[in-house]
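Examining the three-dimensional arrangement
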Amino acid sequence: MQWLDAYAFKAEERLDNDPELAKRVYERLATRLTENGTGSALLFGTIREETNLILAEAMQRAGLRAYIGKLSMDIDIASRPTYIESSSTASLTAAESFVHRCRLGKLAAEDRQGLRIQSHLAEAADQVSWVQCTRGAEDIDVFDCHHLLTPRTIQAHCTFLSSPSLARLGEHGTAIAHCPLSNAYFSSKPFLLKEALEAGVKVGLGTDVAGGYSLGVMSAMRWAVGVARMREGAAQLEKEDQTGDRDIPEGDVSNVEGPVLDWKGALYLATRGGAEALGLGPVAGTFDVGAPFDAQLIRLFDPETGTGIGNLDFFDLVPGSNVDVDEEMIEKW
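Structural notes, computed from the coordinates. The structure presented is a predicted model; accordingly, all values stated were derived computationally and were not measured.

Some thoughts on the nonpolar core
In this structure, Leu121, Leu161, Leu169, Ile176, Phe191 and Val203 are the most contacted members of the largest nonpolar core, which totals 34 residues. Broken down by secondary-structure element, the contributors of at least two residues to this core are helix H6 (139-145), helix H7 (163-172), helix H9 (193-198), strand S6 (203-205), helix H10 (217-243) and helix H11 (263-277). Per element, the largest residue contribution to this core is six residues, and it comes from H10. Filtering out sequence-adjacent residues up to four positions away, Leu121 remains in contact with Gln127, Asp139, Ile140, Phe143, Gln155, Ala156, His157, Cys158, Thr159, Leu161 and Leu169.

Rendered as C-alpha cells:
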C-alpha cells in the first residue's frame, strides 16, 4: 500500500495529466515488451479514459496482443485525494465508454464474453488487513459476493490465499497472474503455486512491469523456479524436524507442501499457461497447425567462435564444430 502511494499512483497521475508523457512512456513500454519477447500482455492503465486509449494505441501500433484495463477506483486507499474517481457510477460509466471506444462491445451482460476483469487479490498483509477493516470480509469474499470471480477474471498475486480459497478460484474458473519477482518485494509470503495448479487454477507468469526490475518473462521464469525451490527446501526441513529423520533424500517432498517446479514447468507457465489464463488458448502459446506463429529465436552460443551468448559461458566448445543444443544447456540458461 505504501508503494502504491509513493510510486504507482503518483506516476499514474502524472500520465493522466500529461498526454505527451503518456505517449512517450507507453511507446517505450511497447518497445521494451517486444525486445523481451512478449507477444501478449495484460496491463493496468490509469483512471483516465483518454490515457488508457493512448496505451491501447501504443500496443496496437507495436503489433502486440494486449488487454488494457482501465483502472476503476472511487475510494482513496492512499493519500492522493486528487487521484480518485468521483463515484462508482462515474467509474463504471467511464469504463463502458472506454470499452466502446476500443470497439470491444458493450458492458451489458449478454455482450460481456469478450471482456476481461483484472485486479489484485490477497497480495500483501497490509492490503488484506485494509479490506478486512473497511469491508468486514476477506478479500476473496468481496470479489465473490459481487460476482467478480468468473472464467474471464485474472487476479494478480494471490499470495495470501489458502488452499481452500485457491480451490474456490478453480471452481469459478478464475485465473491467476503469478508474479514471483514483485511478490519477493511486496509480499511476505510466496505464492502457493503447487496448490493452485492442483486445484485446477489457470496460472500464467507475470512480470508486474513496474513492480520489479525486469520486463522480461524469462526473468519471471527463473524467479518462479527459485521461489519454488525455496519452498521445497523449507518443506523438506520441516518434514525432517517433524520426523527426526535427517536422511530424507533431497527432493523428497511427499506429503508436504513444498512444490517442485523445473524449467519446463516454468516455460509452460510463461507460454501456454499465460495463454490459457488470458483466454487466448486457441491463438497463443502453442505450435498447433493454423495457430499464429509466436516464437523467439534464442542463441545460446556462437558456433563459429565457440563462445556463449548471454548468460552462459562455454569452455569445451571447439570453434566451428557442429554442436547440438541439449536440455542441460537450456536448463542452465
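What to know about the packing of aromatic side chains
Applying the stated criterion across every chain, the model contains three aromatic pairs. Between Phe9 and Tyr83, the aromatic rings sit 5.7 Å apart at their centres with planes inclined by 40°, giving tilted as the arrangement. One end of the pair, Phe9, is in helix H1 (residues 2-17); the other, Tyr83, is in the loop between strand S2 (65-69) and helix H4 (88-101), and 74 residues separate them in sequence. Centre to centre, the rings of Phe301 and Phe314 are 5.5 Å apart; their planes meet at 70°, and the pair counts as edge-to-face. Taken as a pair, Phe301 in strand S7 (residues 301-302) and Phe314 in the loop between strand S8 (307-308) and helix H12 (327-332) lie far apart in primary sequence, 13 residues in all. Of the two residues examined, Phe301 and Phe314, each falls in the buried class. Over the face of the ring belonging to Phe160 we find Lys189, whose NZ or CZ atom lies 5.1 Å from the ring centre. The ring of Trp333 is capped by Arg222, whose NZ or CZ atom sits 5.0 Å from the centre of that ring.

Structural notes on the environment of Asp144
Here Asp144 lies in helix H6. Residue classification places Asp144 among the partly exposed residues on the basis of a relative accessible area of 22%. When the C-alpha atoms of Asp144 and Leu169 are compared, they prove to be 9.4 Å apart, with 25 residues separating the residues in sequence.

Some thoughts on the sheet that holds strand S4 (residues 153-157)
If you trace the four strands from one edge of the open sheet to the other, you get S3-S4-S5-S6, paired in parallel fashion. Each of the sheet's edge strands pairs with one partner strand only, and the pair in question is strand S3 (117-121) and S6. Neighbour to neighbour, the strand axes of the sheet diverge by 30° on average, direction disregarded. Strand direction decides the pairing type here: S3 and S4, joined by five bridges, are parallel. Across the sheet, residue Gln118 finds its bridge partner in S4, namely Ile154.

A look at the pattern of salt bridges
Oppositely charged side chains may form a pair once their charged atoms are brought near each other. Per the stated rule, a full pass over the model turns up twelve salt bridges. Of the charged contacts in the structure, one is a salt bridge between Lys264 and Glu327, with a shortest N-O distance of 3.2 Å. With a gap of 63 residues between them, Lys264 in helix H11 and Glu327 in helix H12 connect regions that are remote in the sequence. Overall, the relative accessible area of 42% leaves Lys264 in the partly exposed class. We classify Glu327 as partly exposed; its relative accessible area is 46%. Within this structure, Glu49, Glu50 and Arg101 form a network of salt bridges that share partners.

Quick look at the packing of H1 against helix H2 (residues 19-35)
Between two packed helices, what matters for the description is the angle formed by their axes and the separation of those axes. The contact between H1 and H2 brings their axes to 5 Å, and the two run at 120°. In this structure, H1 contributes Arg14, Leu15 and Asn17 to the contact, and H2 contributes Pro19, Leu21, Ala22, Val25 and Tyr26. By residue class, the composition of the contact of H1 with H2 is six nonpolar, one polar and one charged.

Structural notes on the pairing of strand S1 (residues 40-44)
The two faces of S1 differ: Ala41 and Leu43 on one face are buried, but Ser40, Leu42 and Phe44 on the other face are not. Judged from the five bridges that link them, S1 and S2 form a sheet pairing that is parallel. Within S2, the residue paired with Leu42 across the bridge is Tyr67.

Concerning H1
Along its 16 residues, H1 runs 22 Å from first to last C-alpha, staying within 8% of the 22 Å computed at 1.5 Å per residue. Helix geometry: H1 is bent most strongly at Ala8, by close to 35°. Within the span of H1, buried status applies to Ala8, Phe9, Glu12, Glu13, Leu15 and Asp16. The inward-facing, buried residues of H1 abut H2 and helix H3 (49-62).

About the criteria used
Residues numbered from 1 in each chain as written. Predicted model: local features only at pLDDT ≥ 70, side-chain atom pairs only at ≥ 80, totals over all residues. Heavy atoms only, no water. Core = buried A, V, L, I, M, F, W, Y, C linked by side-chain atoms within 4.5 Å. Buried < 20%, exposed > 50% of the residue type's maximum accessible area, 1.4 Å probe, protein only. Helix = DSSP H or I, 4+ residues; strand = E, 2+ residues; numbered from the N terminus. Contact = heavy atoms within 4.5 Å. Phe/Tyr/Trp six-rings, centres within 6.5 Å; stacked < 30°, edge-to-face > 60°. Lys NZ or Arg CZ within 6 Å of the ring centre and 35° of its normal. Pairing = 2+ DSSP bridges. Axes fitted to C-alpha atoms, helices over the stretch in contact; angles between N-to-C directions. Salt bridge = Lys/Arg side-chain N within 4 Å of Asp/Glu carboxyl O. Nonpolar A, V, L, I, M, F, W, Y, C, P; charged D, E, K, R; others polar. Expected span 1.5 Å × (residues − 1). Bend = angle between axes of the 7 residues up to and from the residue.

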